[in-house]
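# Inside the fold
Residues per chain, in single letters:
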Amino acid sequence: RKSTTTGAESMEDAQMKRYLEAKGLQDEIEKDTKRTWPDLHFFSEKHDFAGLEEEHYDGGGGLPGQNQMAITRILFVFARLNPGIRYVQGMNELLAPLFYVFKIDPTQDFQREAEADAF
């Protein structure tokens, strides 16, 4: 039986498959990072540098704070660059203290680089 798909259709299918895989990975990581130390102000507040802004959100399921988003990005890039390891539940718990230490550095220049340093 001959395939009726064209090269363009199969390329679109491959792109859609990659997108759906990436979206599934991101959703899995976000589910865990939303639960990363929710009782710690640093992770439960929507702020940029170590709590300097006081914008509140509901830590139960609302939008993640900047620090949670950074952890999600780090873990997502790591998983994509290391397909043999990917993302394993609990990696957020290993990354969180490292990111926290880099992010609370008294030097703002170092705070800005916390995401890259923790990676």
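Look up a bit, the structure's there.
Because the structure is predicted, anything quoted here is derived from the model rather than measured.

### Some words on the nonpolar core
Counting residues in hydrophobic clusters, the biggest one holds 16 residues, and the most contacted among them are F43, I71, L75, Y87, L95 and F99. Listed by contribution, the elements that provide at least two residues to this core are α1 (7–33), α2 (41–44), α3 (66–81), α4 (91–103) and α6 (114–118). Take this core: its biggest share by element is 5 residues, from α3. With residues up to four places along the chain from it excluded, the contact list for F99 reads F42, F43, N67, A70, I71, I74, A114, E115 and A118.

### Focus: the pattern of salt bridges
The full count for this structure, using the stated rule, is 4 salt bridges. The salt bridge partner of R73 is E115, with a shortest N-O separation of 2.8 Å. Of this pair, R73 sits in helix α3 while E115 is found in helix α6, placing the two residues 42 residues apart along the sequence. On the basis of relative accessibility, which here comes to 37%, the residue R73 falls in the partly exposed class. By relative accessible area, which is 26% here, E115 ends up partly exposed.

Rules used in this analysis
Residues numbered from 1 in each chain as written. Predicted model: local features only at pLDDT ≥ 70, side-chain atom pairs only at ≥ 80, totals over all residues. Heavy atoms only, no water. Core = buried A, V, L, I, M, F, W, Y, C linked by side-chain atoms within 4.5 Å. Buried < 20%, exposed > 50% of the residue type's maximum accessible area, 1.4 Å probe, protein only. Helix = DSSP H or I, 4+ residues; strand = E, 2+ residues; numbered from the N terminus. Contact = heavy atoms within 4.5 Å. Salt bridge = Lys/Arg side-chain N within 4 Å of Asp/Glu carboxyl O.

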